Amino acid sequence: MRLEQGQITVLKQEQAIIENSYSSLKDFIQVSFAIDFPKDISGKRILGVGEGLSEATLRLREMGAEAWAIDPKYADMKALRKGLEEDLTIFRTWLLGDQSMTDSEKYIIMRRNTNTVDSFFSPNDNANRQYHIAASACFLPFADRTFDLYFSSYAVSSFLLPSDVVFRQAIDEGLRVLRPGGELQLYPWVPNEKGDHPEERATQERLFENLQSRSIAFAVEPTSYTTPPRLKITLP
Ligand SMILES: C[S@@+](CC[C@H](N)C(=O)[O-])C[C@H]1O[C@@H](n2cnc3c(N)ncnc32)[C@H](O)[C@@H]1O
């Protein structure tokens, strides 16, 4: 079943997921640790899904990619900014109380967050706002075989995996908009081996079975010793 939400279409089961999610603001360096971007980015068509206030799309465009971002929260930029500022206030309070960091480390993190918000909403970047499209992962407003790379950092695998229906439709949509040879990357991909979320594990296994039956290659790749792996799916 589909519901219209403002100007975007979402699955009925997706609505609560969107409402209960929050928008973070990873800068490009943080996203680059999570996502394996092509070495030569120039001219590549790239879609970031659930991008929130990440600056990845703007930086990818500066490097010559044809990058686009989608997020349901782009339907109301004012609400997005207000929600983010509230989240940042809570985060800063938590950060100040954290004993494991020095004051200068805390200062750097706060400065980085503030800079990213300012950059996202700055008038200079407004011209690029046309590349931030209000849409949900389950209904991508792009033609089949458009993109070389689909990536999602802390969005599709973090929020959609608990709903098998939503997650499956999001992956089908992702594969639909990828060109032959294109890649879909999700970060983080937590294998859930302890069995604390058996439904999520079953959804992960169903995805792998589905990909295998369609001869679509996939790999769970390490990102570093201290961060979780990512899932990379490569179309034939
Ligand atoms: C934690 S933020 C991640 C933002 C960014 N990718 C980053 O790495 O900083 C999660 C984002 O997922 C978005 N989201 C939630 N449900 C979604 C859905 N069904 N389709 C697309 N994006 C969704 C939220 O609006 C939110 O902006």
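Residues numbered from 1 in each chain as written. Predicted model: local features only at pLDDT ≥ 70, side-chain atom pairs only at ≥ 80, totals over all residues.

Participant: What should I look at first to understand the site of the ligand in this one?
Facilitator: Residues in contact with the ligand amount to 25 residues; listed here are only the nearest, Ser-23, Lys-26, Gly-50, Gly-52 and Ala-137. Taken together, the elements giving at least two residues each to the shell around the ligand come down to α1 (12–20) and α7 (156–160). The dominant element in the shell around the ligand, judged by the number of residues it contributes, is α1, at 3 residues. In terms of residue class, the shell around the ligand is built from 12 nonpolar, 8 polar and 5 charged. (Near = placed C-beta within 6 Å. Helix = DSSP H or I, 4+ residues; strand = E, 2+ residues; numbered from the N terminus. Nonpolar A, V, L, I, M, F, W, Y, C, P; charged D, E, K, R; others polar.)

Participant: I keep staring at the sheet that holds strand β5 (residues 132–133) and nothing clicks. Help me out?
Facilitator: Strand pairing in a sheet is mediated by backbone hydrogen bonds. Such pairs are either parallel or antiparallel. With mixed pairing, 7 strands are arranged side by side in an open sheet as β5-β4-β3-β6-β7-β9-β8. Each of the sheet's edge strands pairs with one partner strand only, and the pair in question is β5 and β8 (217–221). Sheet topology places β8 next to strand β9 (residues 230–234); 5 bridges connect them, and they run antiparallel. Its bridge partner being in β9, Val-220 is matched across the sheet by Leu-231. Packing against the sheet, helix α8 (residues 164–177) makes contact with β3 (45–49), β6 (147–153) and β7 (178–187), and its axis sits at approximately 140° to β7. (Pairing = 2+ DSSP bridges. Contact = placed C-beta atoms within 7 Å. Axes fitted to C-alpha atoms, helices over the stretch in contact; angles between N-to-C directions.)

Participant: What's the story with unusual backbone geometry in this structure? I'm lost.
Facilitator: Glycine aside, residues mostly have negative phi angles, and peptide bonds mostly take the trans form. In this structure, Pro-188 follows Tyr-187 across a cis peptide bond, with omega equal to -5°. The topology assignment puts Pro-188 in the loop between β7 and α9 (198–213). In this structure, Tyr-154 is a non-glycine residue whose phi angle is positive, near 55°. Note on placement: Tyr-154 falls in the loop between β6 and α7. Notably, Ser-215 is not glycine yet its phi reads approximately 55°, a positive angle. Mapped onto the elements, Ser-215 comes out in the loop between α9 and β8. For Ser-215, a count of 7 C-beta atoms within 10 Å corresponds to the exposed category. (Buried ≥ 20, exposed ≤ 12 C-beta atoms within 10 Å, placed from the backbone.)

Participant: Just checking my understanding: could you explain the nonpolar core for this structure?
Facilitator: General note: in soluble globular proteins, nonpolar side chains tend to be found buried as a group. Core analysis: the biggest nonpolar cluster contains 44 residues, and Leu-47, Tyr-150, Leu-160 and Ala-170 have the highest contact counts within it. Ranked by residue count, the leading element in this core is α8, at 5 residues. Not counting residues up to four positions away in its chain, the partners in contact with Ala-170 are Ala-137, Cys-138, Val-156 and Leu-160. Ranked by size, the runner-up nonpolar core spans 5 residues in total, among them Leu-25, Leu-53, Leu-84 and Phe-120. (Core = buried A, V, L, I, M, F, W, Y, C linked by C-beta atoms within 7 Å.)

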